[in-house]
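Structure assessment
Listed below are the residues making up each chain.
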Amino acid sequence: MTKLSACIVVYNNAQEALQAAASVLRCTQKYPLALYLIDNASPDGAAQRLRAAIDGGELPVGENQTVTLIESQKNVGFGSGHNLVLPRLESDYHAILNPDILLSADTLSGMADWLEAHPAAVMARPALVFPDGAPQQLPLQKCGALALVYRQMPRLRPLKPFHDRYVMEGADLSAPAEIEFCTGSFSVLRTAVFQKIGGFDEKYFMYVEDADLTQKARREGTVWLLPQFTAVHAWHRQPHKDSAHFRMQAKSMLRYFSKWGFRL
């Protein structure tokens, strides 16, 4: 039988992560699931809240499900946090999830079944929507500098064509489509591939590490958007809100382009 695993990295706001975890546990019924919660040394006491929820039975853990809390001694960043599960994974398919994701259907099993039926595919993501149901426009093609600038400053209208290419504007995305960028907010990989490529590049602290992971995965096979599966994504968009997160994103962009080549 297919075995699934999933990981949520938490930094503060344990309640949001618990809601995500509960939705994953409730909805994932077809196959056994190992769910990992990684606390990234949250200063607000999130680890204690997560531990209390697990030990107190607050999470709806099913018969073929386990929940494991891993407490990092320091904030190692998004990708490094997810990498903490690499030596523990014994699944066939592994999901990388943000704490602001909510499921309403057995999306993980469905995506695993799709990947199983398409041996050349190694990674995929579902369609994502805002809590009000509005669709999200997320990157689907390789990172481009001008597209990233436009996403921060949409008033620069001459750059919109670069952004349109980035999100495949005008393409038929109602059916599965091969893509070049799989968002880290919700993606599913073959576990063997995730382990073979060493997970995330830990030199990224936050931002663009998902684009980097996608390029590493594409060396092993194809990557897909699967719009027949949907999840809610709150999408806090921190780089749009303060300069510190924007500078962090800019640093990650420079690393990405130095590795994979510059693109306008």
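Residues numbered from 1 in each chain as written. Predicted model: local features only at pLDDT ≥ 70, side-chain atom pairs only at ≥ 80, totals over all residues. Heavy atoms only, no water.

1. Some points on unusual backbone geometry
The criterion, for reference: A run of H or I in DSSP becomes a helix once it reaches four residues, and a run of E becomes a strand once it reaches two; helices and strands are each numbered from the N terminus. Accessible area is worked out with a 1.4 Å probe on protein chains only. A residue is then buried under 20% of its type maximum, exposed over 50%, and partly exposed in between.
At Asn-12, a residue that is not glycine, the phi angle is positive and equals roughly 65°. Structurally, Asn-12 can be placed in the loop between β1 (4-10) and α1 (14-27). Overall, Asn-12 belongs to the partly exposed group, its relative accessible area being 23%.

2. Considering the pattern of salt bridges
Here is the rule we go by: Here, a salt bridge means any side-chain nitrogen of Lys or Arg that lies within 4 Å of a carboxyl oxygen of Asp or Glu.
Scanning the model with the defined rule gives 10 salt bridges in all. With its nearest N and O atoms 3.8 Å apart, the salt bridge here joins Glu-180 to Arg-263. Taken together, the residues span a long stretch of sequence, with Glu-180 in the loop between β7 (177-178) and β8 (186-190) and Arg-263 in the segment after α9 (243-260) at a distance of 83 residues. Glu-220 is the salt-bridge partner of Lys-196, the closest N and O atoms lying 2.9 Å from each other. With a gap of 24 residues between them, Lys-196 in helix α7 (residues 191-196) and Glu-220 in the loop between α8 (209-218) and β9 (222-233) connect regions that are remote in the sequence. The class for Lys-196 is exposed, based on a relative accessible area of 61%. A cluster of three or more residues bridged by salt bridges with shared partners is formed by Asp-201, Asp-212, Arg-255 and Lys-259.

3. A closer look at the pairing of strand β6 (residues 121-129)
Stated precisely, the cut-off is as follows: One bridge is not enough; two strands pair if DSSP finds at least two bridges between them.
Of all nine residues that make up β6, eight are buried, and the element is covered over most of its length. In the sheet, β6 pairs with β9 via eight bridges, with the strands oriented parallel. Each bridged residue has a counterpart across the sheet, and for Ala-121 the counterpart in β9 is Thr-222.

4. What to know about the packing of aromatic side chains
The line we're drawing: Each pair of aromatic rings taken from Phe, Tyr and Trp, with Trp reduced to its six-membered ring, is defined by centres within 6.5 Å and is described as stacked if the planes are under 30 degrees apart, edge-to-face if over 60, and tilted in the remaining cases. By definition here, charges over rings are those cases where NZ of Lys or CZ of Arg is within 6 Å of the ring centre and within 35 degrees of the ring normal.
The tally for this structure, following the rule as stated, stands at seven aromatic pairs. Ring geometry for Phe-130 and Trp-235: centres 5.7 Å apart, planes at 20°, overall stacked. Highlighted residues: Phe-130 in the loop between β6 and α5 (145-152) and Trp-235 in the loop between β9 and α9, separated in sequence by 105 residues. Each member of the pair, Phe-130 as well as Trp-235, is classed as buried. Here a set of aromatic residues connected by ring pairs shows up, and it is made of Phe-78, Phe-194 and Phe-200. The positively charged end of Arg-255 is found above the aromatic ring belonging to Tyr-204, 5.6 Å away from the centroid.

5. Concerning the packing of α1 against helix α2 (residues 46-55)
Heads up, the condition is: To obtain each axis, a line is fitted to C-alpha atoms, and for helices this fit is confined to the stretch in contact; angles are then taken between N-to-C directions over 0 to 180 degrees. For any helix crossing, the convention is left-handed if the near helix is rotated counterclockwise from the far helix by under a right angle, and right-handed if that rotation is clockwise. We call two residues in contact when some of their heavy atoms are within 4.5 Å. Charged means Asp, Glu, Lys or Arg here, nonpolar means Ala, Val, Leu, Ile, Met, Phe, Trp, Tyr, Cys or Pro, and polar covers whatever is left, Gly included.
For the pair α1 and α2, the least separation of the axes is 9 Å and the interaxial angle reads 35°. Regarding α1 and α2, the two cross each other, and that crossing is right-handed. Residues Ala-14, Gln-15 and Leu-18 of α1 lie in contact with α2, whose contacting residues are Ala-46, Arg-49, Leu-50 and Ala-53. Considered class by class, the residues forming the contact of α1 with α2 number five nonpolar, one polar and one charged.

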